[in-house]
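Given next are the chains, with one letter for each unit.
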Amino acid sequence: MQNVRRVLLLVLIVSLAVPALPAFAQQVIATIPVGVEANSAAVNPVTNKIYVPNGCGTDPNCASLGTVTVIDGTTNNPISVNVGAGPKNAVVNPVTNKIYVPNACGNDPTCQTYSGTVSVIDGASNTVVATITVGSFPYWAAVNTATNKIYIANTCGDPTCQTYSGTVSVIDGVSNTVIETVTVGSFPYAPVVNAVTNKIYVPNSCGNDPSCSPSPHSPGTVTVIDGATNNTVSVNVGVWPWGLDVNSVTNKIYVANHCGDDPNCVSNATMTVIDGATLATTEVAIGGHQPRALAVNSVTNKIYVPSLCYGDPSCQGDPVGTVSVIDGVTLTYTSVPAGERPNAMALNSVTNKIYVANGCGNDPYCGTYSGTVTVIDGVTLAFTNIGVGDYPYYFNLNSVTNRIYVPNFCGNDPSCQTFNGTVSVIDGTPPTGLQFVPLSQPCRAVDTRPGSGGGGPIPGGTFQNFPISGEGSC
């Protein structure tokens with residue numbers, strides 16, 4: 001009976017100790033080799049497959065067509081699918097199990113021209129079932145799963161990219177044909193779809209300036225596309241809008257302005273809030289400088305904007321990264337520290353966790369590119385950093401399995417002289433409330449042996465309480 005009681009006492013100690021463990025016992029559980037120049041990931045949560053475009057395929061000299069690495073989320077086994085030249089991004093329609101991969105250089109492996117194409121991968125067979133010609137230098141894609149329409153942002157106005165008069169190719173997911181080419185602003189970034197209102201929002205980093213003059217930089221715009229008619233409306237925002245996301249519950253659109261209102265880009269960043277019904281705008285300060293991403297949690301009505309530096313608009317001092325957490329009701333913000341060069345993020349609204357990829361990890365001057373991912377608790381704003389591969393970039397997560405997939409552009413090379421990519425798989429599940437945690441140096445909290453001076457055995461059918469916090473060597 002004494003042995004049984006000791007076991008029960010040990011269990012009691014362990015179960016009480018577990019809540020004191022770090023709230024983020026998340027870790028990298030696998031590192032998967034992929035192709036050359038892997039810088040993004042797309043996830044199908046229905047099939048538990050992950051798609052990683054490799055800009056140079058398997059060719060370290062980058063003179064070949066690209067590939068997409070398909071990772072099985074259950075086994076972490078990868079396979080490779082050949083696509084066009086220079087794939088940089090991918091988007092999944094989980095309803096049809098189709099994957100759309102824009103090829104920035106079309107069919108030209110040397111990338112001397114940018115006559116773009118889109119490879120359509122069938123998720124069941126892992127084969128390319130169509131190649132669609134689109135505009136010049138297609139980089140970003142979005143899908144409306146309700147209408148089965150795919151929106152491809154074409155960066156350039158001509159195949160040589162001498163101008164940046166952007167367009168959006170609208171692809172019908174049934175026929176795999178471009179049914180409309182919509183004119184947007186200059187140098188468009190990633191489009192975002194609001195499937196509830198059937199509106200598409202395209203941030204144009206150079207606004208109405210097709211030359212995209214770096215200094216002074218022109219004010220940006222957001223092109224609003226009506227998904228039913230493909231008619232457009234242009235909305236003025238701040239300078240160099242880089243990140244955009246939509247709250248489909250409140251019908252508000254949030255735009256992170258890389259340079260705030262300063263054409264010379266040495267001032268504080270701002271965020272433009274667009275009312276989806278009226279297109280009226282409100283601009284608010286968000287604290288950071290040079291933000292490169294933005295994500296919205298529609299459940300909590302919070303907006304998250306990672307910025308390269310805080311306190312120094314020129315980012316010339318110690319460029320410590322931050323994440324501005326903005327309340328969607330009051331539009332006030334709180335700053336949370338991140339790593340160095342936070343350049344991408346993902347958000348799990350189910351667990352209310354926010355993930356930020358830091359390209360330079362803990363090195364403020366980017367002498368090395370040993371990356372980290374900052375994990376923020378959406379309730380407490382407590383945070384921790386997880387080490388991943390080298391120069392992590394656009395990543396994604398599966399909210400069903402709670403796994404995060406982080407492509408590392410430089411793989412396992414902190415100097416970034418090679419670009420053999422990897423994907424770090426993070427298990428986002430925290431530890432359970434009851435588990436065995438071995439101590440590095442075992443200790444006795446209470447001694448119930450007869451004559452031990454610890455009170456003796458516990459009589460059957462009774463119980464005793466023991467204050468163990470800070471007692472003795474425990």
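Residues numbered from 1 in each chain as written. Predicted model: local features only at pLDDT ≥ 70, side-chain atom pairs only at ≥ 80, totals over all residues. Heavy atoms only, no water.

Peer 1: Lay out the sheet that holds strand 2 (residues 42-44) in plain terms, naming residues and giving numbers.
Peer 2: As summarised here, the arrangement of the 4 strands in space is 2-3-4-5, forming an open sheet in which the pairing is antiparallel. In the strand order of this sheet, the two ends are held by strand 2 and strand 5 (78-82), each with one partner. Going from strand to strand, the sheet's axes swing by 25° on average, the running direction of each strand aside. (Pairing = 2+ DSSP bridges. Helix = DSSP H or I, 4+ residues; strand = E, 2+ residues; numbered from the N terminus. Axes fitted to C-alpha atoms, helices over the stretch in contact; angles between N-to-C directions.)

Peer 1: Explain the environment of Asp262 to me, using residue names and the numbers behind them.
Peer 2: Position of Asp262 among the secondary structure elements: in the loop between strand 18 (252-257) and strand 19 (270-275). In contact with Asp262, not counting residues within four places along its chain, are Val239 and Ser267. Within the structure, Asp262 has its side chain in polar contact with the backbone nitrogen of Asn264 (distance 2.9 Å). Among the polar contacts made by the side chain of Asp262, one reaches the main-chain amide nitrogen of Val266 at a distance of 3.0 Å. (Contact = heavy atoms within 4.5 Å. Polar contact = N/O pair within 3.5 Å; in protein donor to acceptor, adjacent residues only side chain to side chain.)

Peer 1: Talk me through the packing of aromatic side chains; I want residue IDs and the actual numbers.
Peer 2: Applying the stated criterion to the full structure yields 12 aromatic pairs. Pairing Phe137 with Tyr139 gives two aromatic rings, centres 6.1 Å apart and planes at 35°, and the pair type is tilted. Residues Phe137 and Tyr139 agree in their burial class; the two are buried. Measuring from centroid to centroid gives 5.5 Å for Tyr369 and Tyr391, while their planes differ by 65°, and the two rings are edge-to-face. On the criterion of sequence distance, the pair formed by Tyr369 in the loop between strand 27 (353-358) and strand 28 (370-377) and Tyr391 in the loop between strand 29 (383-390) and strand 30 (396-398) is long-range, its members being 22 residues apart. A residue is classified by how much of its surface remains accessible, and Tyr391, at 13% relative accessible area, is buried. (Phe/Tyr/Trp six-rings, centres within 6.5 Å; stacked < 30°, edge-to-face > 60°. Buried < 20%, exposed > 50% of the residue type's maximum accessible area, 1.4 Å probe, protein only.)

Peer 1: Pulling in residues and values, what's your account of the state of the cysteines?
Peer 2: A complete count under the given rule lists 7 disulfides for this structure. The disulfide bridge from Cys105 ends at Cys111, spanning 1.8 Å between sulfur atoms. With the S-S bond torsion at 100°, the cross-link from Cys105 to Cys111 turns out right-handed. By relative accessible area, Cys105 is classed as buried at 3%. (Disulfide = S-S within 2.5 Å.)

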